[in-house]
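Chains, contacts and geometry: an overview
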Amino acid sequence: MKALAWHGKHDVRIDTVDDPEIVNPRDCIIKVTSTAICGSDLHLYDGYIPTMQAGDILGHEFMGEVVEVGPKSTLKKGQRVVVPFTIACGSCYHCNKHQYSACPNGLPADNQDIAQELYGHEMSGLFGYSHMTGGYAGGQAEYVRVPFSDVGPIVIPDGVDDDKVLFLSDILPTGWQAAEYAQIEPGDTVAVWGCGPVGLFAVQSAFLMGAERVIAIDHFPHRLELAKRFGAETINFEESATYEALMEMTGGIGPDAVIDAVGLEAHGMFVDNIIDQIKASTFLGTDRPHSIRQAIIACRKGGRVSMPAVYGGFVDKFPLGAFMEKGLTLKTGQTHVQHYMPALLNAIMEDKIDTEFLISHRMPLTDAPKGYDLFKNHQNETTKIVLKPGMAG
Amino acid sequence: MTDRRDDAPPTTKKHGDAADAATASLIEGKGSSVVGRSVTIDRPANELFAYFRDFTNLPHFMENIVSITVADPKVSHWVVKAPAGATMEWDARITQEEPDRLIAWTSQPGADIANSGRIEFRDAGARGTVVTATIAYDPPGGTIGKLIAKMFQREPAIQARRDLRRFKQLMETGEVATPAMNPKQYEEMGL
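Quantities reported herein were computed from a predicted structural model and do not represent experimental measurements. (Residues numbered from 1 in each chain as written. Chains lettered and ligands numbered in written order. Predicted model: local features only at pLDDT ≥ 70, side-chain atom pairs only at ≥ 80, totals over all residues.)

**Description of helix α3 (residues 109-119) of chain A**
Just so we agree on the cut-off: Here a residue counts as buried when 20 or more other C-beta atoms fall within 10 Å of its C-beta, as exposed when 12 or fewer do, and as partly exposed in between; the C-beta atoms come from the backbone. Numbered from the N terminus, helices here are DSSP runs of H or I no shorter than four residues, and strands are runs of E no shorter than two. Any residue pair is listed as a contact if its two C-beta atoms, each placed from the backbone, are within 7 Å.
Ala-109, Asp-110, Asn-111 and Gln-112 of chain A are the residues of α3 of chain A that are buried. Looking at the buried positions of α3 of chain A, the neighbouring elements they touch are α4 (156-173) of chain B. Gly-120 of chain A lies just past α3 of chain A and shows a positive phi near 95°.

Now the structure itself:
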């Protein structure tokens, strides 16, 4: 089969590799019909995530048709499914608490050493996202082996288009969880850093959860335009001073909840950011956390900080003093995708959430290397690329 | 004199007589290196004990085992992978057994590597069972041998940690997690 493989920083290629087969009893194999490039794939593309190996197949947002099932799978051949990016067993202590991204049973034992060393504990396995998360082949391929297929994938009713439901695999639940973690109360003002796919879904979700105002922060005019479409007010940080603007827009109080949907590769030429870039390039610090710093400083006293953004290692100049003195609460984590999928599928079917607005490009899988370049270098207009393995090149 | 004792397990001690203290918990402690590791498995103790007590099950989650043959209810013969393609063998005799609670064993004279150990199953209520493995052994070739084993990831501390994780996965989900894309690759990767 053909698959998009990582070969090094800014080097991804279409390789021909063996088709996947059933290995474990609960596996299924799906034939991919749609798969997206995620903002977090750019962290791999840019070489920020350790434990990548040449030939690793990328992609963790995908859906398709079931073509093979193991003896313990409950799926049937021919069913269409969306696959959560977190590989979770569905019945351990953490899964029973719906903390699916903390499930230790999807991560191969040998791979658990790295996370245990770095984070103190192992996390769930993820598709196509380095060997620290299991070394699983990802979904930017014609076929994928899906473990725990009896509990992970959600079956999509006939007649519902791929493009409507594909984002159930990651970014929609991630944006929703981000808003949920912001513990929004009626009348709240919520500020969202980053109008990428997660930020834009967080904007929609925050309004659905009762936020009175949402203020979206970015520097790409087109992305801010999309946020505006859902009713958000905007701050372009290249045009306006973010902290001062937030204070004036909230009568000096600050946003009740702040959401960092930017993460470890923050854009922008701020002094602390430039120092971070130098440190990251010399491996002195791995993450560039400008957005979370600014979010904490801007958040009102006693407010909530939600951090869906991906951070991988250590940061410095974290405003721990501001965080403590103002009595903030922080909620974060990889998304517990399986927990949100059923309700969000319903919300899509009832037209409560718009997903298709996000897709700026559809292209064949074989054009994926071009897609990565586009997503990396033309972020204003490239909001989301969906790869279609069946599409003619 | 300040009393420096605390409630932490002897295998986590930072100073001095750590190995002695931990080995003392074994019936017939052998060797200077001690490994202790606990994992919580969401299954009742009797189920875990029964699976483990049938030693022919152990290769399903212990990566380094080539074969285990059970000679009689108390004695089994172990063939285990060593660094650089070598194997080590020994007879293990069960020295203590409490149903659903613990199994202790020790290697018999003539072992390639003298070792002893115990595995305990403690009821943890709604969370299942805490399984603790304690293993004492004399690394062949002393400290150098231990370093070489570590390089080849055949060091008992690394193995015990990974084997217990696989035991948990197998008992909780019915399978051992693997990124292998097909059975052939699975075979090549080992557990």
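**Things to note about the packing of α3 of chain A against α4 of chain B**
When two helices pack together, their arrangement is given by the angle between their axes and by how far apart the axes lie. Let me state the cut-off plainly: An axis is simply a line fitted to the C-alpha atoms; with a helix, the fit covers only the stretch in contact. Between two such axes, the angle follows the N-to-C directions and lies from 0 to 180 degrees. Relative orientations are named as follows: roughly parallel for angles under 35 degrees, roughly antiparallel for angles over 145 degrees, roughly perpendicular for angles from 65 to 115 degrees, and oblique for any other angle. Each crossing gets its handedness from the near helix: less than a right angle anticlockwise from the far helix is left-handed, clockwise is right-handed. Lys, Arg, Asp and Glu make up the charged group, whereas Ala, Val, Leu, Ile, Met, Phe, Trp, Tyr, Cys and Pro make up the nonpolar group; the residues left over, Gly among them, are polar.
Between α3 of chain A and α4 of chain B, the shortest axis-to-axis distance is 9 Å and the interhelical angle comes to 115°. As far as their axial angle goes, α4 of chain B and α3 of chain A are roughly perpendicular. Crossing of α3 of chain A against α4 of chain B: the hand is right-handed. Contact residues: α3 of chain A offers Ala-109, Asp-110 and Gln-112 of chain A, while α4 of chain B offers Arg-162, Arg-165 and Arg-166 of chain B. Residue composition of the contact of α3 of chain A with α4 of chain B, grouped by class: 1 nonpolar, 1 polar and 4 charged.

**Some details on helix α13 (residues 368-377) of chain A**
Residue and element names in this part refer to chain A. Here is the rule: Throughout, the arc means that of the directions going from the helix axis to the C-beta atoms.
Buried within α13 are the following residues: Ala-368, Gly-371, Tyr-372 and Phe-375. Projected down its long axis, α13 carries its buried residues within an arc of 100°, all on one side. Close packing links the buried residues of α13 with β1 (2-8), β2 (11-16), β3 (28-37), α1 (39-45), β17 (361-364) and β18 (385-388).

**Things to note about the confidence of the model for chain B**
The cut-off we apply is this: Confidence of the predictor at the level of single residues is captured by pLDDT, which takes values from 0 to 100.
Counting all residues, the mean pLDDT for chain B is 85, and 81% of those residues have values of 70 or more. Looking at the elements of chain B, mean pLDDT is at its lowest for helix α1 (residues 18-24) of chain B, recorded as 56, and at its highest for helix α2 (residues 45-53) of chain B, recorded as 97.

**Some remarks on the nonpolar core**
How we decide: A set of buried Ala, Val, Leu, Ile, Met, Phe, Trp, Tyr and Cys residues, joined through C-beta atoms within 7 Å, is what we mean by a nonpolar core. What counts as a domain boundary in this text is fixed by an automatic or database domain assignment.
Ile-30, Val-190, Val-192, Ala-202, Ala-216 and Ile-259 of chain A are the most contacted members of the largest nonpolar core, which has 136 residues in total. Taken domain by domain, the makeup of this core includes at least three residues from each of domain 1 (2-170 + 335-388) and domain 2 (172-332) of chain A. Non-local contacts of Ile-30 of chain A, meaning those with residues more than four positions away in its chain, are made with Gly-64, Glu-65, Val-66, Val-67, Val-81, Val-83, Tyr-143, Val-144 and Val-146 of chain A. Counting 6 residues, the second-largest nonpolar core is a separate cluster that includes Trp-78, Val-80, Trp-90 and Ala-104 of chain B.

**Concerning the interface of chain B and chain A**
Each partner contributes to the interface: chain B provides 18 residues, whereas chain A provides 26 residues. Elements that contribute at least two residues to the side of chain B that touches chain A include exactly α4 and α5 (183-189) of chain B. The leading source of residues in the side of chain B that touches chain A is α4 of chain B, at 6 residues. In terms of residue class, the side of chain B that touches chain A is made up of 6 nonpolar, 5 polar and 7 charged.

**A closer look at the sheet that holds strand β4 (residues 56-57) of chain A**
Residues and elements named next belong to chain A. Heads up, the rule is: Note on pairing: two strands pair once DSSP finds at least 2 bridges between them.
With antiparallel pairing, the 3 strands of this open sheet are ordered in space as β2-β1-β4. Each edge of the open sheet is held by one strand with a lone partner, namely β2 and β4. Sheet topology places β1 next to β2; 6 bridges connect them, and they run antiparallel. Pairing of Ala-3 across the sheet is with Asp-15, part of β2. Of the strands in this sheet, β1 and β2 touch α13, which is tilted by about 160° from β2.

**Here we look at the environment of Glu-97 of chain B**
All names here are of chain B. By the element assignment, Glu-97 lies in strand β4 (residues 87-98). On the neighbour-count criterion, Glu-97 (14 C-beta atoms within 10 Å) is partly exposed. Separated by 42 residues in sequence, Glu-97 and Phe-55 have C-alpha atoms that sit 14 Å apart.

**Description of unusual backbone geometry**
Residues and elements named next belong to chain A. The phi angle at His-98 is positive, at roughly 60°, despite the residue not being glycine. Within the secondary structure, His-98 is located in the loop between α2 (93-96) and α3. On the neighbour-count criterion, His-98 (12 C-beta atoms within 10 Å) is exposed. Phi at Ser-130 is positive, roughly 80°, even though this residue is not glycine. Assignment of secondary structure puts Ser-130 in the loop between β8 (125-126) and β9 (143-146).

**Here's the deal with the pairing of strand β5 (residues 102-107) of chain B**
Pairing of β4 of chain B with β5 of chain B, which is carried by 6 bridges, proceeds in the antiparallel orientation. Note that in β5 of chain B the partner of Glu-97 of chain B across the bridge is Ile-103 of chain B.

**With respect to the domain arrangement of chain A**
All names here are of chain A. If you check the domain split of chain A, you get domain 1 (2-170 + 335-388) and domain 2 (172-332). Summarising the inter-unit geometry, the C-alpha centres of domain 1 and domain 2 are found 25 Å apart. Taken together, the contact pairs 25 residues of domain 1 with 19 residues of domain 2. Ranked by residues supplied to the side of domain 1 that touches domain 2, first place goes to helix α12 (residues 337-349) with 4 residues.

**Overview of the environment of Asn-105 of chain A**
Checked against the element boundaries, Asn-105 of chain A lands in the loop between α2 and α3. A tally of 29 C-beta atoms within 10 Å means that Asn-105 of chain A is categorised as buried. Sequence spacing of Asn-105 of chain A and Ala-261 of chain A is 156 residues, and the spatial spacing of their C-alpha atoms is 28 Å. Ignoring any residue separated from it by four or fewer positions in sequence, one finds Asn-105 of chain A in contact with Cys-89 and Cys-92 of chain A together with Gln-169, Glu-172, Thr-173 and Ala-177 of chain B.

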